Amino acid sequence: MSKTILTQENVFVNYENVISIVPVCLEGEADNGETVTAYELSANVVAPVPNNDIESPDETTISLGIYSSEEELKLVIKKLTNWLNERKDYGCLFKMPLEGELKPTQYLHDKQEK
């Protein structure tokens, strides 16, 4: 059964179209001049994703989720890895946890709900 990942931006990504999933460390400057670090989990996909912005080219990388700590990112990676390794007839949708969700709900369709 096909597996799908729902990003934090509510974009559905079919796992069959994913080449790789990689963690990325992002740094930027806040309004007060301090350096801010964020941790993103990105998926590289086989075909470009259409971009509604005419000025920007289509993307082959999709942001699955952004987190404020490396520990939270590691937890999300562990939960995603466990979900991908499962061989079940249910639980075909993984919802990327929002920042601050330490115990994310992995499945939107679980046998226990039926």
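Description of the structure in this document. Everything numeric here is computed off the predicted structure, so don't read it as measured data.

### Observations regarding the environment of F94
Inspection of the secondary structure assignment puts F94 in strand β6 (residues 93–95). Residue classification places F94 among the buried positions, given a relative accessible area of 0%. Taking the C-alpha atoms as reference points, F94 and T4, separated by 90 residues in sequence, lie 6.3 Å from one another.

### Brief notes about the sheet that holds strand β1 (residues 4–6)
Across the sheet, 3 strands lie side by side as β2-β1-β6; this open sheet has mixed pairing. The open sheet has two free edges, formed respectively by β2 (12–14) and β6, since each of these has just one partner strand. Between one strand and the next, the sheet's axes are offset by a mean angle of 25 degrees, whatever the strand orientation. As paired elements, β1 and β2 share 3 bridges and run antiparallel to each other. When the bridges of β2 are listed, I5 appears paired with V13. Along the sheet, helix α1 (residues 70–85) contacts β1 and β6; its crossing angle with β6, the most-contacted strand, is approximately 175 degrees.

### Some details on α1
Along its 16 residues, α1 runs 22 Å from first to last C-alpha, staying within 8% of the 22 Å computed at 1.5 Å per residue. Inspection of α1 places E72, L73, V76, K79, L80 and W83 among the buried residues, and these make up the whole buried set. Axial view of α1: buried residues confined to an arc of 125 degrees, hence all on one face. Turned more than 90 degrees away from the buried face of α1 sit E71, K74, K78 and N85, all of them exposed.

### A word on the environment of A47
Relative to the helices and strands, A47 resides in strand β4 (residues 35–49). Residues A47 and T61, 14 residues apart in the sequence, show an inter-C-alpha distance of 9.3 Å. Beyond its immediate stretch of four places on either side in the chain, A47 contacts E59 and T60.

Scoring rules and cut-offs
- Numbering of residues starts from 1 in each chain and follows the order in which that chain's sequence is written.
- Whole-chain, interface and lining totals are the exception, using all residues; otherwise, since this is a predicted model, local features are given only for residues with pLDDT of at least 70 and side-chain atom pairs are given and counted only at 80 or more.
- Hydrogens are left out, water is left out, and the side-chain values use all remaining heavy atoms of the structure.
- Put simply, DSSP H or I for four residues or longer makes a helix, DSSP E for two residues or longer makes a strand, and each gets a number counted from the N terminus.
- For every residue, the accessible area (1.4 Å probe, protein chains only) is compared with the maximum for its type, and the residue is labelled buried under 20%, exposed over 50%, or partly exposed between those bounds.
- At least two bridges found by DSSP between two strands is the condition for calling them paired.
- Between N-to-C directions, angles cover 0 to 180 degrees, with each direction set by a line fitted to C-alpha atoms, over the stretch in contact for helices.
- Contacts: residue pairs with any heavy atoms within 4.5 Å of one another.
- By this rule the span expected of a helix is its residue count minus one, scaled by 1.5 Å.
- An arc is given here, and it is the one of the directions from the helix axis to the C-beta atoms.

As far as function goes, none of this settles anything; it's purely spatial.
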